[in-house]
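What follows is the residue order along each chain.
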Amino acid sequence: MNGIKLISTGSALPERVVTNHDLAKIVDTNDEWIVSRTGISSRRHCSGGETHAGLCLAAARQALERGGIAPEQIGVCIVATVSQDYFTPAAACLLQKELGLPEDTVCFDLNAACSGFVYGLHVAECLLAAAPRKYALVIGGEVLSRLMDFTDRSTCVLFGDGAGAALVEWGERFPSLHAVLGCRGNAEALNVPGIRTGLPSYVHMDGQTVFRFAVEALPHCAKEVADKAGIPLEQVDRFVFHQANQRIIDFAVKKLKVDPAKCTGNIARTGNTSAASVPLLLDELVTSGALASGQKALCVGFGAGLTWGGALLELA
Ligand code: COA
């Protein structure tokens, strides 16, 4: 068996905190509705000179510094995102320049929406097996506030901005991620229109359809990863679930019959940050000591596509 281990993490959030009360001043909503239906109290929005690349760069730098790994040791750099600064070049190419990664580093962006970071982990695991250098940066970064219609109360209250980074190392005796990835193509449930449509690039969502998909996909994917790894769910140290809606997480915790204390999240402070959601939470768990060396985190993302992705990641 060979695979990857998590060496270190990093994160970056915009400075501006946007509370539910702030949103209630610009759209017909209120704190009580948002908290009771989603668990979200505030989220961060980029302002001034803050950019997607800037957030991803700060998170990646922190992960490199904490891991004690030099840019020259990186073989793969993947940014999972749907809200990068440019259609092209990829955010990962901007990081290659700013971080000083070697020119033969495999650098690209990956669009699997809220499953993107977990997709990225699996892709990094596969690529590193063939790469000359055995470290990868996998970053999830989003500036979703740019994709919001602030007259649509059913979407603009849900999403936030941020970036999380994971530095991973591939090794011949390291455990496999036992990744489970999937897709059920559906453009109606959740989309951001592209150039061809002539429509503004705002998030459009059928919330109830996505909710029904999520409460099925999240527990199913978590169980499949544990089955593939051949361990009971009780042996998982932490569950890092995509922070889309506290009600979806509560439903999954109940269905999986896992300890809620192992499933704590940060949605109240971040909102749904799509591809950044899992790595931002992972970073909080690692830096607080809630995920310790040798422990395993079962990460699950789900979202537009519709996609899902789960992986069992061990902290070195
Ligand atoms: N503030 C106040 N009222 C709101 C509101 C808001 N921000 N957004 C919607 N409402 C209203 C609706 O207009 C509707 O009013 P009506 O009954 O008068 O028509 C009412 O609240 C109920 O709307 P509904 O869409 O049925 O609410 P819901 O309980 O399904 O919750 C979501 C809406 C979006 C929170 C929920 O469907 C959800 O979380 N879906 C999954 C979304 C998700 O996770 N997406 C990302 C996946 S990665």
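Residues numbered from 1 in each chain as written. Predicted model: local features only at pLDDT ≥ 70, side-chain atom pairs only at ≥ 80, totals over all residues. Heavy atoms only, no water.

Participant: Honestly, the site of the ligand in this entry has me stumped. Any pointers?
Facilitator: Around the ligand sit 22 residues, and of these Thr29, Arg37, Arg153, Gln208 and Asn245 come closest. Take Trp33: an N or O atom from its side chain is 3.3 Å from an oxygen atom of the ligand. Out of a free accessible area of 970 Å², the ligand has 74% covered by protein chains. Assessed atom by atom at 2 Å from the grid points, the ligand resides in the largest pocket. Contributing elements (two or more residues each) for the shell around the ligand: α2 (31–38), α6 (153–156), α7 (207–229), α8 (246–256) and β12 (296–303). In terms of residue count, α7 provides more of the shell around the ligand than any other element does, four residues in total. For the shell around the ligand, the class distribution of residues is nine nonpolar, nine polar and four charged. Mapped onto the domain boundaries, the shell around the ligand takes at least three residues apiece from domain 1 (3–171) and domain 2 (180–314). (Near = heavy atom within 4 Å. Polar contact = N/O pair within 3.5 Å; in protein donor to acceptor, adjacent residues only side chain to side chain. Areas by Shrake-Rupley, 256 points an atom, 1.4 Å probe, with all protein chains shown as cover. 1 Å grid on protein atoms, 1.4 Å probe; cavity = no way out; pocket = protein on both sides within 12 Å on 5 of 7 lines; lining within 4 Å. Sits in = over half its atoms within 2 Å of the grid points. Helix = DSSP H or I, 4+ residues; strand = E, 2+ residues; numbered from the N terminus. Nonpolar A, V, L, I, M, F, W, Y, C, P; charged D, E, K, R; others polar. Domains from an automatic or database assignment.)

Participant: Honestly, the packing of aromatic side chains in this entry has me stumped. Any pointers?
Facilitator: Two aromatic rings, taken as a pair, are described by how far apart their centres are and by the angle between their planes. For the coordinates displayed, the defined rule picks out two aromatic pairs. Relative to Trp308, the ring of Phe213 has its centre 6.1 Å away and its plane inclined at 50°; by these criteria the two rings are tilted. Within this pair, whereas Phe213 is found in helix α7, its partner Trp308 is found in strand β13 (residues 305–314), the two being separated by 95 residues in sequence. Of the two residues examined, Phe213 and Trp308, each falls in the buried class. Where Phe239 meets Phe241, the ring centres are 5.6 Å apart and the plane angle is 40°; that geometry is what we call tilted. Given the relative accessible area of 1%, Phe239 is considered buried. The ring of Phe174 has Lys5 lying over it, and the distance from NZ or CZ to the ring centre is 4.8 Å. (Phe/Tyr/Trp six-rings, centres within 6.5 Å; stacked < 30°, edge-to-face > 60°. Buried < 20%, exposed > 50% of the residue type's maximum accessible area, 1.4 Å probe, protein only. Lys NZ or Arg CZ within 6 Å of the ring centre and 35° of its normal.)

Participant: Mind showing me how you'd approach the sheet that holds strand β8 (residues 180–186) here?
Facilitator: Paired through backbone hydrogen bonds, the strands of a sheet run either parallel or antiparallel to each other. Overall, mixed pairing links the four strands, which are arranged β8-β13-β12-β11 in an open sheet. Edge positions in the sheet fall to β8 and β11 (238–241), since each of these pairs with one other strand and no more. In this sheet, neighbouring strand axes are inclined to one another by 10° on average, regardless of whether the strands run parallel or antiparallel. By the bridge criterion, five bridges tie β8 to β13 in an arrangement that is antiparallel. Note on β13: the bridge partner recorded for Cys183 is Thr307. Of the strands in this sheet, β8, β11, β12 and β13 are in contact with α7, which crosses β13 at around 35°. Those strands touched by helix α10 (residues 277–288) are β11, β12 and β13, and its axis lies near 150° from that of β11. (Pairing = 2+ DSSP bridges. Axes fitted to C-alpha atoms, helices over the stretch in contact; angles between N-to-C directions. Contact = heavy atoms within 4.5 Å.)

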